[in-house]
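One letter stands for each residue in the lines below.
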Amino acid sequence: YERMQLLHEDAASDLIFLQQEQDALRREHIKAIGGNPLPNQAAQDGQPGLNNLLQQSFEAFQMDQAGRIAKIEADMKANAETNDQEPIEPQLKQIEIDATFADCEVAVQLELDY
C-alpha cells in the first residue's frame, strides 16, 4: 500500500512538473514571437494550426494522466480493502494477464517507434 501511495505521489508530481514545463514553453514561445502567433498556411486553409494541435495534444496528455492517476487511486483503495483470508489465485491470474498485455503493449510500441 505504501509503495502504491509513493507511486501515486510520483505520478502526481510528474504531472505537475510536466504542466509547469508546458506552460513555461508556451510563455517562451509567445515571448519569442512577440505575442503574436505567426500566420500558418494550414490554419489559413481551414486546417488546425500548430498551436491548436499542441493544445489538443496537451489536453489528451492531461486526460491520459488523469486516467492513470484515477486507476492508481482505485487500485490503492482495492488493496486497502482486501484481507488476508482472500484466495490469491485470482489475483495471480490477473497479474499474469496484465503482464502478458504489458509485454504485447511494449512490443507494439517498439514497432511503432522504429
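Quick caveat, the model's predicted, so the values are computed rather than measured.

**Q** Can you walk me through the overall build of the chain in this structure?
**A** Secondary structure assignment for the chain yields four helices and zero strands. Shown N-terminal to C-terminal, the secondary structure of the chain runs as helices and strands in the order α-α-α-α. Residues counted as buried form 10% of the 114 residues belonging to the chain. In the form shown here, the chain has an accessible surface area of approximately 9600 Å², with 57% of it arising from carbon and sulfur atoms.

**Q** Would you mind going over the packing of helix H1 (residues 2–32) against helix H3 (residues 50–81) with me for this structure?
**A** How two helices sit against one another is set out by the angle between their axes and by the gap between those axes. Packing of H1 against H3 brings their axes to within 9 Å, and their N-to-C directions diverge by 170°. Viewed along their axes, H1 and H3 adopt a mutual orientation that is roughly antiparallel. Taken together, the residues that form the contact of H1 with H3 break down as eleven nonpolar, ten polar and three charged.

**Q** Looking at this model, I keep getting lost on the pattern of salt bridges. Mind explaining?
**A** Between side chains of opposite charge, a pair can form as their charged atoms come close. Applying the stated criterion across every chain, the model contains two salt bridges. In this structure, the salt-bridge partner of Asp64 is Arg68, at a minimum N-O distance of 3.0 Å. Pair noted here: Asp64 and Arg68 are both in helix H3, with a separation of four residues, about one helical turn. A salt bridge links Asp75 to Lys71; the shortest N-O distance between them is 3.2 Å. Of this pair, Asp75 and Lys71 both sit in helix H3, four residues apart, which is roughly one turn of the helix. For Asp75, a relative accessible area of 29% gives the class partly exposed. When its relative accessible area of 51% is taken as the criterion, Lys71 is described as exposed.

**Q** It is not clear to me how the nonpolar core should be interpreted in this structure. Could you clarify?
**A** Most often, soluble globular proteins have nonpolar side chains that are buried together. Counting six residues, the largest nonpolar core consists of Met4, Ala11, Leu15, Ile69, Ile72 and Met76. Elements with a minimum of two residues in this core: H1 and H3. With residues up to four places along the chain from it excluded, the contact list for Leu15 reads Phe61, Gln65 and Ile69.

The rules behind each value
Residues numbered from 1 in each chain as written. Predicted model: local features only at pLDDT ≥ 70, side-chain atom pairs only at ≥ 80, totals over all residues. Heavy atoms only, no water. Helix = DSSP H or I, 4+ residues; strand = E, 2+ residues; numbered from the N terminus. Buried < 20%, exposed > 50% of the residue type's maximum accessible area, 1.4 Å probe, protein only. Areas by Shrake-Rupley, 256 points an atom, 1.4 Å probe, with all protein chains shown as cover. Axes fitted to C-alpha atoms, helices over the stretch in contact; angles between N-to-C directions. Parallel < 35°, antiparallel > 145°, perpendicular 65-115°, else oblique. Nonpolar A, V, L, I, M, F, W, Y, C, P; charged D, E, K, R; others polar. Salt bridge = Lys/Arg side-chain N within 4 Å of Asp/Glu carboxyl O. Core = buried A, V, L, I, M, F, W, Y, C linked by side-chain atoms within 4.5 Å. Contact = heavy atoms within 4.5 Å.

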